[in-house]
Each structure stands twice: as C-alpha cells, then as structure tokens.
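Structural overview for review
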Amino acid sequence: MIPIFFNFLTNGLFICVRYANKFKNQLKQTNINQFVMKTFFISIFLVGLLFFSNLTTAQTEGLPTSTLVSELNLPAGLTNYLALSFDTKKLAYATRLPNSVQYSFYFRERGANSWNAEKDIPAINSLLTPETQIGGLGFNYNASVLYFSLDAKDGNGMDIYFTEWINNQWSDAQKFDASINSTENESDPCISADGNSFYFVRNNLEENEFSESFECKIIFVSEKINQKWTKPFRMPGQINSGCVCSPRISSDNQTLYFSAVVNKDFAFDVYQTQMVAKGIWSDPTRVEIISNDDSNIYPNITFDGKEIYCINQSKKNTKKETNQIYKAPLAKGLAPKKCAILKGKILNLENEKPLQASINVINPFTSKIISTYTNDAKTGEYNFFLNSQTHYRIEYWQEGYSHDISQIEIPTLDSNKIFEKTIKLYSNASLVLNVFDQENFQPLAAKVQVLEVESGNILNIEPKEIFAGRYKMLLPLGKNYKILASKLNYVTDTLLFDLKKVIQFDEFEKDVELAILKRDFVINLKDGQTDAPINSEIVVVNKTRKETFYFKGNLDEPGKYKMQLREGDEYEINVLSREGYAYYNTAINLEKEPEKLMDIGLMPLNADANLKLNNIVFETNSDQLTAFSFIELDRLVELLAKNPRLKVEVSAHTDNVGSDAYNTKLSERRAQSVVNYLTEKGIKPEALIAKGYGESKPIAANDTDENKALNRRVEMSILEVTEKTSQE
C-alpha cells in the first residue's frame, strides 16, 4: 500500500511542476516556487481522495512517459506525417535531413519482429519540390490506398490525393473527390475502416486567439451515401475549439483522435473523442501520456489498442527542430472499442486460383449495405473490420460468378480478434433437367437445347443424357437461358432459367412436362347389315404405353364415340360383344395412318355368319396354343356366353407348306385345341364343332410370306341359332 500511495504523491508533484512550467510565462519568477508548493499540497489532497476512494482514471494509471521509436527515425533527421495502417502492419511517413528543406515519403511493412526496410513512394515524391506545401497521410481499411495532401500549384491550394497499391507498387497519384477538394486547403486525410466517413482539415478562415501563433485548422467530415461523398460538414464545436489538426479515426469507426491547441501558450496535445450517436460526439479527453511541452501530432493507435504513436514536434519558438516518432502505452479508458478483423482469400472453385470479387457488409435486419470492399486481385486476400456486439450478413460476389452469403455475429470482445474464412466462387452451375410426359409422368427421351435469352442464339452446349428423360448440362453464370425440350408428337416446352440473379448453389434440378399432341378421333358403330347406329362398350388400348380406356354408348348420339388419341401411338380398338352381335377388334397406328374417323359394322349373329378370330397363334408345327392367343379366345368365350343359342363351327386353316394330309391333320388338331379351351372356360361342348380344312380354303395366294400368314387362320362360323325357350 505504501509504495502505491508514494507513487500517487510523486505523480502529484510531477503534475504540479509540469503545469507550473506551462504557466511560467504568466507568472513572475519570484512567485513560481510559491505556486509550485501551493499546487503540490492541493495535489496531495486530491490524489489522496482518489487513492482512498479506490478510484482510477485513464489519466492517472502510473503516468509512464512516451519513448522514442528509434528504428523509425533518422539518426540525424526529421520525421513527420506519420500514418499507421489499421492492422499496424504497414506505415508511411516523411523524412528530411536537417540541411534539407524537402521531405521524402516512405512506406514500410512489419516483419516478424521489426519493421522492414523503408521503400520510396514515387507516386508522392515525384510531385514534390522544395517549395511544395504538403500535409498528412492516411490509409484505407487494408492499406491498399494511401491518401495524402499537397499544393500542386494549380490555384486550388492544398488538395487531397490518393495512390493505390497495385502489383507491389504505388500507382500514379490521382486527385480525390471533387466534393471534398476545394480552394480552402484540405489536408491531413483520414478514412474510416468501413469506408463511409472521410475526415480531413481545412484552414480556419475565422481569426481567433490562436491565429497569431498557429496556423489554425478545422476538422471536417464527409459521408458516403449511395457510393457518393456528401458535402463536407464541420465536426461539433467541442472538437473544433482552438486549433486542431491530424484527425485519425480508429478501426471501430467511432473513436477519433486528433491534436489540438486550447491555450496559446501550450503546444499541440492529443485528444480523444467517441461517437455516442450518429453526429453526436463526447467531449474530448486529453491523452496525458503522449502530451508534453512539445507538440504531439498525427496520433495513431495500434490494432490491439494498447499503444499510441505520434510525431513529437518541437514548438515554433525553439531554435532546433526535433520531429521524431514516439510511442506510449494507451490507457484502457482511452482505447478504441474492440473489434474484429474478418480475413481470408477468395478463390475460383474450378481452378483454386485467386479471384477478385466484391464484398458487401449488410445489416441483416434492414438489408442496408453498411460497407463495400474489394479483395486483392493478385493474391485473392481480403480483410476488413467489424464491430463487436453486432450481427452482419456478408455477401461475396463477382459478375459472372456465384454469390456466397453468410451470417456472422461478432460477440462482446475483450480484445481485438481475427476471424478467417476462405471463399470459393464458381462461374458455372450444373442443371439436371428431367423431361416427363405430362399425362402419365413417365420419363421421355427428348431433344434438349440451350438458348441464350439476350442474343436469342442456341448455344453449343450438349446436355449429357444420364438416362432416358434425365439430362445434365453445365451453364455459365451471369446469363438468362431458355431450355428447350422437344420430342416428336409432343408440344415443345420451354424452361426459363435465370443465372443472372444471386446464385448460391452450383447444382439445380428442374422438371419439364411435355404435352402430347392429340388427334380428335371418332368411331361410328353400326349394324353390319342395316347400317343402323348401335351402342356397345368399346375398349381402346394404347399399345405403345399400355394404357386402357373404356367408352360406353351415348343415348343422345347412338353409335358415335368421340375420343382424343395420342399422335404417334399404336392403338387396339375392341368393340365388346353385345347380345345378337359379334365382337370386333382392329389395330391402328397413328404414326403411319392419317385417319380421324373409323366406321365399324358389327356383324349380327345370324346363321351362316363368319367371324375371323385374330391373333390365334400356335407353336410351330404344333397344336399348342400360345399365351398370346388367350386374349382373343376370352373374347370368344364372352360372346358365346352372352349368346347361348348359337351353335358354331371352329375351323382351322394352313398355308401350302407341307403335304395336304399333314396340313389337314394339323388343322384338325388346332381347331380341336380351340374348342377344348372354350369348353374349359364353361361353353357347352354340344354348341361347338371342330373342323380342320388344311390348305384347301385359302383367302390369298400362297406366293408371299404375308399372304401365307393370312391363310394360317382360325375362323368361327355360325351353324344355327336356336329359338328362345320359354325359360329364357
């Protein structure tokens, strides 16, 4: 306890002597000692109160002194216009030798344990002459842009310029935005880490109590709104009191350091102020640790917020200039708010090479863009600052490439923290297209083409068929497409596929349903002898797709059956038997036949009527029926069951291959096989007679395979129709 209290007392004495020295020009020499003693005892009292109340402030934490940064200063020269990057890895400054009147600007990067050798900045130095009036420097968020000020003798006085770090060198200088530069001497530029606020000073054109001793300036700020800088406005009066210079905004975008003279007998001291709300700043607090009898200008805070660097500059009335870089520990109460660095690389997913892209930092609740950044085109690297206790939506994108959108919450931080994320964007997206039949949802093997909407051209993109009806294609991003799917006898369909919008996925799957072209088809059903329209049940089988449709007669239009048949398909039309009539079946191929109308005459079941049985097939040189025959035979079973008064002959016929005797015997056995099938299905044996005619009754010449097939047949002839009994 005693050493700590003794430290308070010695600090009190230090403060008394320091302030007595500042006021020595206003005090008579004989009164100085009395002033020191009185102030000393007052300080003991105040420090004692502070000690026993266990209070500490940012101004009394041991009060260590600032130290010279030897490695950054010329041994026998002057250093000025200091600027540290936000991450403390780069700095820029100007130096000149004592016997010279011209400064030269240099750039240095931080190595593992020390600062690397300085490098010339030709973009600035090439503009300088011994008469050139120059001002301060300032980096942007990632030190890729360096702002500076000088008088180019163009009639506008001091203006702000900038140079960019491109391909490991500083580009030619360009004059900064015209809304900021004027004829009022702008200098000491500084831009916020989020790129939305630009601070600088202008000459104070109004005379005040400091005008005779100092070149007084005023701090201005311009805000970027919709990517344009607004007209600059003065910072509040509590900041712009006295003479001010060298503003420096910290990485939290809220803590501002600057140098000011508030008493004409004092030098420039460093002050800190914080934004408490938009446009509202706290009263400035003097940073005691770096303030002394000399002027301390161009304050810079290290990334960790633990140290402050500045230029210690001799006052005007001293004979020897002593501009040097000093540093000192910064009290916690004066440090910026803690923040995070989000850093990483943006790569092309397809080749893993660096890709230059844009980065939007967005308020996730309002969707307002907070700030925008661009990564390094050569390395792909990016880094920017984010405030703690804040939610963000980060969007990475490039024209013709995908978007990467992620949410991030920066928690409360005890110290500045680095977050890393590698982003991989891609320039192509994979589209899997499924082509279906609109009616039955079966996959369709179709022709798929890709058309670019803007040009209207069909692109040379060949979709890969995974299997029938499923296609995969690779499409460049940044364009609008029409995907055309077509197939014979179907209506071509178009899928609009927009890859100009925000794309976050590299694979898509879409479905296209093709509508079949249909033919209006009409069946007129009538009595085969009288042509009178009759009704019966018609079964239409789509043999191509194995679909079956049932149609019943219409009382309003007897005998007329209207339907829509799919173009290109093959159908089987079956008219079921009704009492007193035979059944009827036929096939139609709509790919080959243009018909839209079919007249069908049902044969009345009268004596001597003949009915050809279609599709009755036997094993070769055998009377064994194949399963293919059962459909037709079952129709015959149904007909005979509905008409029990019929007595019929089942006859079989052959072509002329083989001997007559062999063919006759074969045909007899085949006719008997049909009769056996019918009796097994419940038809009375006495109603059936089997008869084999061999090759004796051809219906076509046996000169071609087709005609021979016609002659190999089974028929049914009605022998007798018995009268109805009283019980029927």
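Preceding this section is the structure that the text describes.
Residues numbered from 1 in each chain as written. Predicted model: local features only at pLDDT ≥ 70, side-chain atom pairs only at ≥ 80, totals over all residues. Heavy atoms only, no water.

**A few points about the state of the cysteines**
Enumeration according to the criterion identifies one disulfide in this entry. Here C216 is linked by a disulfide to C243, with a sulfur-sulfur distance of 1.6 Å. Taken as a pair, C216 in the loop between β12 (197-203) and β13 (217-225) and C243 in strand β16 (residues 243-249) lie far apart in primary sequence, 27 residues in all. (Disulfide = S-S within 2.5 Å. Helix = DSSP H or I, 4+ residues; strand = E, 2+ residues; numbered from the N terminus.)

**So, the packing of aromatic side chains**
Per the stated rule, a full pass over the model turns up 27 aromatic pairs. Ring geometry for Y147 versus F162: centroids 6.3 Å apart, planes at 50 degrees, classification tilted. Here F162 lies in strand β8 (residues 158-166) and Y147 lies in strand β7 (residues 145-151), a separation of 15 residues in the sequence. Each ring, one from Y147 and one from F198, has its centre 5.3 Å from the other, and the planes form 75 degrees; the classification is edge-to-face. Linking Y147 in strand β7 with F198 in strand β12, this pair joins segments that are 51 residues apart in sequence. Here F198 falls in the buried class, since its relative accessible area comes to 0%. An aromatic cluster is present here, built from Y147, F162, F176, F198, F200, F220 and W229 joined pairwise through their rings. A cation sits over an aromatic face here: R202 above F220, 5.0 Å from the ring centre. When the ring centre of Y693 is taken as origin, the NZ or CZ atom of K691, which lies over that ring, is 5.8 Å away. (Phe/Tyr/Trp six-rings, centres within 6.5 Å; stacked < 30°, edge-to-face > 60°. Buried < 20%, exposed > 50% of the residue type's maximum accessible area, 1.4 Å probe, protein only. Lys NZ or Arg CZ within 6 Å of the ring centre and 35° of its normal.)

**Quick look at the pattern of salt bridges**
One pass over the structure, following the stated rule, counts 29 salt bridges. Among the salt bridges present, the one from D404 reaches K421, with a minimum N-O distance of 3.8 Å. With a gap of 17 residues between them, D404 in strand β29 (residues 403-410) and K421 in the loop between β30 (417-420) and β31 (423-425) connect regions that are remote in the sequence. For D404, a relative accessible area of 22% gives the class partly exposed. With its nearest N and O atoms 2.1 Å apart, the salt bridge here joins E439 to K518. (Salt bridge = Lys/Arg side-chain N within 4 Å of Asp/Glu carboxyl O.)

**Section: the nonpolar core**
F105, I121 and L137 are the most contacted members of the largest nonpolar core, which totals 41 residues. The contacts of L137, once residues within four sequence positions are left out, are Y81, A83, A92, Y93, F105, I124, L146, Y147, F148, P189 and R248. Membership of the second largest hydrophobic core comes to 28 residues, among which are L613, I616, L636 and V714. (Core = buried A, V, L, I, M, F, W, Y, C linked by side-chain atoms within 4.5 Å. Contact = heavy atoms within 4.5 Å.)

**So, the side chain of E547**
Its place among the elements puts E547 in strand β42 (residues 547-551). No salt bridge is formed by the buried E547; the nearest opposite charge belongs to R566, separated by 4.9 Å. Of note is the side chain of E547, whose polar atom sits 3.3 Å from the side chain of N440. If sequence neighbours within four positions are ignored, E547 has contacts with N440, V540, V541, N542 and R566. (Lys, Arg positive; Asp, Glu negative; His and termini not counted. Polar contact = N/O pair within 3.5 Å; in protein donor to acceptor, adjacent residues only side chain to side chain.)

**Describing the pairing of β7**
Side-chain direction in a regular strand flips from residue to residue, so the side chains alternate between the two faces of the sheet. Here β7 lies mainly inside the structure; seven of its seven residues are buried. With burial as the criterion, each face of β7 is covered, one bearing V145, Y147, S149 and D151 and the other bearing L146, F148 and L150. Where strand β6 (residues 134-139) meets β7, four bridges bridge the pair, whose relative direction is antiparallel. Residue pairing across strands places I134 opposite L150, the latter belonging to β7. Hairpin connection, β6 to β7: the antiparallel pair is bridged by five residues, and A143 has positive phi, about 65 degrees. The pairing of β7 with β8 spans seven bridges and is classified as antiparallel. Within β8, the residue paired with Y147 across the bridge is F162. The loop that links β7 with its antiparallel partner β8 comprises six residues; one of these, K153, has a positive phi angle of about 60 degrees. (Pairing = 2+ DSSP bridges.)

**A word on the sheet that holds strand β46 (residues 597-602)**
Within a beta sheet, neighbouring strands are joined by backbone hydrogen bonds and run either parallel or antiparallel to one another. Strands sit in the order β43-β40-β46 across an open sheet of three strands; the sheet is mixed. Two strands bound the open sheet, and with one partner strand each, they are β43 (560-566) and β46. The average angle at which neighbouring strand axes cross in this sheet is 25 degrees, direction not considered. Direction of pairing for strand β40 (residues 518-527) relative to β46: parallel, over a ladder of six bridges. Following the sheet pairing, D527 is matched in β46 by L602. (Axes fitted to C-alpha atoms, helices over the stretch in contact; angles between N-to-C directions.)

**Here we look at the sheet that holds strand β45 (residues 584-589)**
Spatially, four strands are ordered β42-β41-β44-β45 in an open sheet, and the strand pairing comes out antiparallel. Edge strands, defined here as strands with exactly one partner in the open sheet, are β42 and β45. Across the sheet, the mean angle from the axis of one strand to that of its neighbour is 20 degrees, orientation sign disregarded. Of the strand pairs in this sheet, strand β41 (residues 538-542) and strand β44 (residues 570-575) are connected by five bridges, and their pairing is antiparallel. Paired with N542 across the bridge in β44 is Y571.

**Observations concerning helix α4 (residues 630-642)**
The first and last C-alpha atoms of α4 sit 18 Å apart over 13 residues, in line with the 18 Å expected at 1.5 Å per residue. Listed as buried for α4 are E632, L633, R635, L636, V637, L639 and L640. (Expected span 1.5 Å × (residues − 1).)

**With respect to helix α5 (residues 660-680)**
Taking 1.5 Å as the rise per residue, α5 with 21 residues should run 30 Å; its terminal C-alpha atoms sit 30 Å apart, in good agreement. Considered for burial, the residues of α5 that qualify are N663, L666, S667, R670, A671, S673, V674, V675, Y677 and L678. Count one or two residues on from α5 and you reach G682, which has phi positive near 110 degrees.

**So, the environment of I631**
Tracing the backbone shows I631 in helix α4. Taking the C-alpha atoms as reference, I631 lies 8.4 Å from N615; in sequence the two are 16 residues apart.

All we've got here are geometric facts, nothing functional implied.
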